Amino acid sequence: MPTADRHLHFNLFLMGVGHHEAAWRHPRTDPHRAADITHFQQLAQAAEAASFDSVFLADGVEARSDGGWGLISHFEPFTLLTALAVVTERIGLIGTVSTGFTEPYNLARQFASLDHISHGRAGWNIVTSAGERAAQNFSRTANQEHAVRYRRAAEFLDVVTALWDSWEDGALTLDRATGAFADGDRVHEIDHVGEHFQVRGPLNIPRPPQGHPLLVQAGSSDNGRAFAARWAEAVFTAQQTLAEGQSFYADLKRQAAGFGRAPEQLVVLPGVVPVLGSTEQEARRLDRELDDLINPARAVGVLSTVLGVDLTDHPLDEPLPPLPPVTEINGAKSRFELIRDLAERDRLTLRQLVGRLGGGRGHQVVVGTPEQLADHIETWFTQGAADGFNIMPPILPDGLTDFIEQVLPILRKRGLFREGYTGRTLREHYGLPRPAGRFS
């Protein structure tokens, strides 16, 4: 049950002009705004005025042969989040960067810079990148095996956090009288030599205001859960049922305890797509309007990429063909299992499946009134399935406006969501401590 020191956490998942596959085709959106920085600045400012903990930007380093996915923005995370930092003051700024296609030194420097620029509001969503197409953009013919990607990620985190700690707090002295720029005894080489990386250090920027930018993770496979339990401070996840959400929540907190972490040091945030109307009938009408705009061929192509199984010639009005066991999947294992289980549980045809996935790509889609959505959120929060939610409006900006104006007042009246910020950094929003430096 909610208490005075436990309230919902909300993160706004920024995605072009909406999370629905066909949002860009709906008359309530302007698809050209996906390339307009003011669109994202206004969304961030609206979320900040509503006291959201953070905004989040997904990212990928590949495109389909037709040039895109029909729903993502044109901007890479550091450029966009820096532009958001200068027009906001309190809201957190979380960006996705893969451990598979960058170097620890570059990433440590970029996130340290964003944390300094935003005065302590940066967060890193850690992904290992599942797609073969991504690997082929980085001088590889195929991606690394799933287990290898997570071993690389674990070593990557060891290096990055050491680099953030390579400057002790207070090492930058700027003593004009003596001419000492920094205390050399408090700036450290890390001398890392491992399986994947060799990094001398130190970083060429002082320790970030938060010590470490907030660490976020989104994998739910066995490897992903173990990685999250060790490193993550917030987890973005996708479960379809309350029972699945409760199981994931309990298992993740249990594994975190095995690493000596307190349960409250890891915030679990399932994704939810709120399709709202003043009546349930009105909400279902919007849902149908969006689903009717889905391009089936494109949606099947996206699903084939996600599953790692070519479905492009499979009849739309038949169930999925037999799928390989998850052990044979080298892509996103948890999303593969979620989609397979959804199709089997609800006996969906391929056409019905792409319609169900069109709204949130496997995340919960709640179609109904503000009160119904508030009830859903309260149930998951109070019944041990979530600490908050990753809000994924189907259309933007209208979907965000509806959530802020219609749902948040209900949750505040129930004592589930705060009236305003109580801290200034992203860590403070999530109630997380500032980590001590390893060289202190």
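This part covers the overall build of the protein chain. Scanning the protein chain from N- to C-terminus turns up 14 helices and 13 strands. Principal axes of the C-alpha set define a box for the protein chain whose edges measure 75 × 50 × 45 Å. Per-residue burial for the protein chain yields a buried fraction of 54% across its 440 residues. Pairs at least 24 apart in sequence give 77% of the contacts found in the protein chain among residues at least 6 apart. For the protein chain, the exposed surface amounts to about 18,700 Å²; the carbon and sulfur share of it is 50%. Each charge class in the protein chain can be summarised by its mean position, and for the 42 positive and 55 negative side chains these summaries are 1 Å apart.

With the rule as written, the count across this model stands at 13 aromatic pairs. For the pair Phe10 and Phe52, a centre-to-centre distance of 6.0 Å together with 40° between the ring planes defines the contact as tilted. Of this pair, Phe10 sits in strand β1 (residues 9–14) while Phe52 sits in the loop between α1 (37–49) and β2 (54–57), and the two are 42 residues apart along the sequence. Each member of the pair Phe10 and Phe52 is classed as buried. Arranged with centres 5.9 Å apart and planes meeting at 65°, the rings of Tyr150 and Phe227 form a pair that is edge-to-face. Remark: Phe227 occurs in helix α6 (residues 222–231) and Tyr150 occurs in helix α5 (residues 146–165); sequence separation between them is 77 residues. The same class applies to Tyr150 as to Phe227, namely buried.

Okay, the pairing of strand β4 (residues 122–127) next. Where burial is concerned, most of β4 is hidden: five out of the six residues are buried. Pairing between strand β3 (residues 92–98) and β4: six bridges, direction parallel. Looking at the pairing, Leu93 lines up with Ala122 of β4. Crossover β3 to β4 through helix α3 (residues 104–117) is right-handed. Direction of pairing for β4 relative to strand β9 (residues 214–217): parallel, over a ladder of four bridges. Residue pairing across strands places Asn125 opposite Val216, the latter belonging to β9.

This paragraph deals with the nonpolar core. In this structure, Phe10, Phe52, Trp124 and Leu411 are the most contacted members of the largest nonpolar core, which totals 68 residues. Dropping the residues within four chain positions of it, Leu411 is found in contact with Leu8, Phe10, Ala374, Ile377, Leu416 and Phe417.

Of the residues making up α6, those classed as buried are Gly224, Arg225, Phe227, Ala228, Ala229 and Trp231. Close packing links the buried residues of α6 with β4, α5, β9, β10 (234–237) and α7 (242–258).

On to the pairing of strand β11 (residues 267–276), then. Taken across its ten residues, β11 has ten buried, putting it largely inside the fold. Side chains Val267, Leu269, Gly271, Val273 and Val275 of β11 all project onto a buried face; the interleaved residues Val268, Pro270, Val272, Pro274 and Leu276 project onto the opposite face, where all are buried too. By the bridge criterion, four bridges tie β10 to β11 in an arrangement that is parallel. Within β11, the position partnered with Ala234 by the bridge is Val267.

Before going further, it helps to spend a moment on the environment of Ala153. Among the structural elements, Ala153 can be located in helix α5. Taking the C-alpha atoms as reference points, Ala153 and Val127, separated by 26 residues in sequence, lie 8.2 Å from one another. Apart from the residues within four sequence positions on either side, Ala153 is in contact with Thr99, Thr128 and Phe227.

Following both chains from N to C, one finds α6 and α7 inclined at 55°, their axes separated by 8 Å at the closest point. Taken together, α6 and α7 sit at an angle that is classed as oblique. The two elements α6 and α7 meet at a crossing, and its hand is right-handed. In this structure, α6 uses Arg225, Ala226, Ala228 and Ala229 to contact α7, whose residues at the interface are Phe248, Asp251, Leu252, Gln255 and Ala256. Partitioning the contact of α6 with α7 into residue classes produces six nonpolar, one polar and two charged.

Moving on, we come to the packing of α3 against α5. Packed helices, taken two at a time, are described by the angle between their axes plus the distance between the axes. The N-to-C vectors of α3 and α5 enclose an angle of 50°; their axes lie 9 Å apart at closest approach. Accordingly, the angle class assigned to the pair α3 and α5 is oblique. The chirality of how α3 crosses α5 is right-handed. Here α3 contributes Pro104, Tyr105, Leu107, Ala108, Phe111 and Ala112 to the contact with α5, which in turn contributes Phe156, Val159, Val160, Leu163 and Trp164. For the contact of α3 with α5, the residue count by class is eleven nonpolar, no polar and no charged.

Let us look at the side chain of Asp402. Tracing the backbone through its elements, the reader meets Asp402 in helix α13 (residues 398–413). What Asp402 contacts, discounting residues up to four positions off in sequence, is Arg28, Leu276 and Val407.

Positionally, Asp175 belongs in strand β5 (residues 172–175). Overall, Asp175 belongs to the partly exposed group, its relative accessible area being 31%. On a C-alpha basis, the gap between Asp175 and Thr241 in space is 59 Å, while along the polypeptide they are 66 residues apart.

Another aspect to go through is the pattern of salt bridges. On inspection of all chains with the given rule, the structure shows 24 salt bridges. A salt bridge links Asp402 to Arg28, with the shortest nitrogen-to-oxygen separation between them at 3.6 Å. Highlighted residues: Asp402 in helix α13 and Arg28 in the loop between β1 and α1, separated in sequence by 374 residues. Arg207 is paired through a salt bridge with Asp169; the nearest N and O atoms lie 3.2 Å apart. Within this pair, whereas Arg207 is found in the loop between β8 (198–199) and β9, its partner Asp169 is found in the loop between α5 and β5, the two being separated by 38 residues in sequence. On the basis of relative accessible area, Asp169 is assigned to the partly exposed category, the value being 32%. Beyond isolated ion pairs, a larger network of salt bridges with shared partners links Asp165, Asp169, Arg207, Arg434 and Arg438.

Reading guide: rules and limits
- Residues numbered from 1 in each chain as written.
- Predicted model: local features only at pLDDT ≥ 70, side-chain atom pairs only at ≥ 80, totals over all residues.
- Heavy atoms only, no water.
- Helix = DSSP H or I, 4+ residues; strand = E, 2+ residues; numbered from the N terminus.
- Buried < 20%, exposed > 50% of the residue type's maximum accessible area, 1.4 Å probe, protein only.
- Contact = heavy atoms within 4.5 Å.
- Areas by Shrake-Rupley, 256 points an atom, 1.4 Å probe, with all protein chains shown as cover.
- Lys, Arg positive; Asp, Glu negative; His and termini not counted.
- Charge placed at Lys NZ, Arg CZ, Asp CG, Glu CD.
- Phe/Tyr/Trp six-rings, centres within 6.5 Å; stacked < 30°, edge-to-face > 60°.
- Pairing = 2+ DSSP bridges.
- Right-handed = clockwise from strand over helix to strand, strands pointing away.
- Core = buried A, V, L, I, M, F, W, Y, C linked by side-chain atoms within 4.5 Å.
- Axes fitted to C-alpha atoms, helices over the stretch in contact; angles between N-to-C directions.
- Parallel < 35°, antiparallel > 145°, perpendicular 65-115°, else oblique.
- Left-handed = near helix turned anticlockwise from the far one by under 90°.
- Nonpolar A, V, L, I, M, F, W, Y, C, P; charged D, E, K, R; others polar.
- Salt bridge = Lys/Arg side-chain N within 4 Å of Asp/Glu carboxyl O.

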